Amino acid sequence: LLDQNGRFSQIRQLRGKPFVLSFIFTRCIVPEMCPSTTTKMSELQVLAAQYDWMDLNFVTITMDPAYDSPGILNEYMQANDLKPNNFHFLTHFDSSVIEDILYQFGILTRDENNTITHTMTTFLIDANGKIIYAKDGPRWSVDAIIKAAEPLFN
C-alpha cells in the first residue's frame, strides 16, 4: 500500500507494535460514519500520547482508492489534526488490492448514487498481529478501545 506521503508501506512493518485499524473514505458525507471514525481516531491518538503509549499506531485504509490519492490523504490528515508520527493512512492505485483487504476484514462496499455505501468495523490489533478487539458499526467508543488497549501497556 501507499501511505499519505506516497511511500510504500506494509502492515507487517507494524509487527511488534499494537495498532488501531479503521476503514473510511475522505469524501464520506454521513456524519456518523467516516467523519465520526476520523474524529475518534484523532481522540485516540491524543489519549495514547497522554498515556505515553508511544508504540500504539493508527492505521486507516481508504475504501475509495480511485479518489483518495496519497496527496488527498495527506491533506485530510492535516485538516483533521492527525499526527503522522504514528498514523498511517493507506491507499493503493490498484483498487483490487484495496478490495482484497476490505474482503479480508469483512468490510462490504457498494458504489451507489455517487458515493460509497459501506459497513464498518474498527479493530485493535496486538503486537503479534492478533485482533483483540473488534466493534462493528460506527458506534464504537474511544473509551472501549482504551480499555481494551490498557493490558497491552501494563
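Residues numbered from 1 in each chain as written. Predicted model: local features only at pLDDT ≥ 70, side-chain atom pairs only at ≥ 80, totals over all residues. Heavy atoms only, no water.

Asker: Run through the side chain of Thr26, naming residues and quoting values.
Answerer: With respect to the helices, strands and loops of the structure, Thr26 is situated in the loop between β1 (19–24) and α1 (34–50). Among the polar contacts made by the side chain of Thr26, one reaches the side chain of Asp68 at a distance of 2.3 Å. Those residues in contact with Thr26 that lie beyond four places of it in its chain are Tyr67, Asp68, Ile72, Leu73, Tyr76 and Phe89. (Helix = DSSP H or I, 4+ residues; strand = E, 2+ residues; numbered from the N terminus. Polar contact = N/O pair within 3.5 Å; in protein donor to acceptor, adjacent residues only side chain to side chain. Contact = heavy atoms within 4.5 Å.)

Asker: Give a description of helix α2 (residues 70–79) that names residues and reports values.
Answerer: Listing the buried residues of α2 in full gives Pro70, Leu73, Tyr76 and Met77. All buried residues of α2 project into a common sector of 120° when viewed along the axis, lining one side. Exposed residues lying more than 90 degrees from the buried face of α2 are Glu75, Gln78 and Ala79. Its buried side turned inward, α2 meets β1, α1 and β3 (87–90). In the stretch just after α2, Asp81 is the one whose phi turns positive, near 55°. (Buried < 20%, exposed > 50% of the residue type's maximum accessible area, 1.4 Å probe, protein only. Arc of directions from axis to C-beta.)

Asker: If you had to explain the packing of aromatic side chains to someone new, which residues and values would you point to?
Answerer: Two descriptors summarise a pair of aromatic rings, namely the distance from one centre to the other and the angle between the planes of the rings. Here the structure, examined in full by the defined rule, presents seven aromatic pairs. Between the aromatic rings of Tyr76 and Phe89, the centroid separation amounts to 5.7 Å while the plane-to-plane angle is 80°, which identifies the pairing as edge-to-face. Taken together, the positions of Tyr76 in helix α2 and Phe89 in strand β3 put the pair 13 residues apart, joining distant regions of the chain. Of the two residues examined, Tyr76 and Phe89, each falls in the buried class. Grouped by ring-pair contacts, the aromatic residues Phe58, Tyr76, Phe87 and Phe89 constitute a single cluster. Its guanidinium or amino end placed over the ring of Tyr67, Arg27 lies 4.4 Å from that ring's centre, counting from NZ or CZ. Lying across the ring of Trp140, Lys40 places its NZ or CZ 5.1 Å from the centre. (Phe/Tyr/Trp six-rings, centres within 6.5 Å; stacked < 30°, edge-to-face > 60°. Lys NZ or Arg CZ within 6 Å of the ring centre and 35° of its normal.)

Asker: Tell me about the packing of α1 against helix α4 (residues 142–149), and name the residues and values.
Answerer: For the pair α1 and α4, interaxial distance at closest approach is 10 Å and the crossing angle is 40°. Comparing the axis directions of α1 and α4 gives the class oblique. Once α1 is placed against α4, the crossing between them reads as right-handed. Residues Lys40, Glu43, Leu44 and Leu47 of α1 lie in contact with α4, whose contacting residues are Val142, Ile145 and Ile146. Among the residues forming the contact of α1 with α4, the class breakdown is five nonpolar, no polar and two charged. (Axes fitted to C-alpha atoms, helices over the stretch in contact; angles between N-to-C directions. Parallel < 35°, antiparallel > 145°, perpendicular 65-115°, else oblique. Left-handed = near helix turned anticlockwise from the far one by under 90°. Nonpolar A, V, L, I, M, F, W, Y, C, P; charged D, E, K, R; others polar.)

Asker: So, the pattern of salt bridges: which residues are in play, and what are the values?
Answerer: Taken as a whole, this structure holds four salt bridges when the rule is applied. Among the ionic pairs, Lys83 bridges to Asp81, the shortest N-O distance being 2.7 Å. Classification of Lys83 as partly exposed rests on a relative accessible area of 37%. (Salt bridge = Lys/Arg side-chain N within 4 Å of Asp/Glu carboxyl O.)

Asker: Hey, could you go over the sheet that holds β3 for me, with residue numbers and the actual values?
Answerer: Overall, mixed pairing links the five strands, which are arranged β3-β2-β1-β6-β7 in an open sheet. Here the strands that pair on one side only, and so sit at the sheet edges, are β3 and β7 (131–136). Pairs of neighbouring strands in the sheet enclose a mean axial angle of 15°, with direction left out of account. Taken together, the four bridges between strand β2 (residues 57–62) and β3 define a ladder with parallel strand orientation. By the bridge assignment, Val59 is partnered in β3 with His88. (Pairing = 2+ DSSP bridges.)

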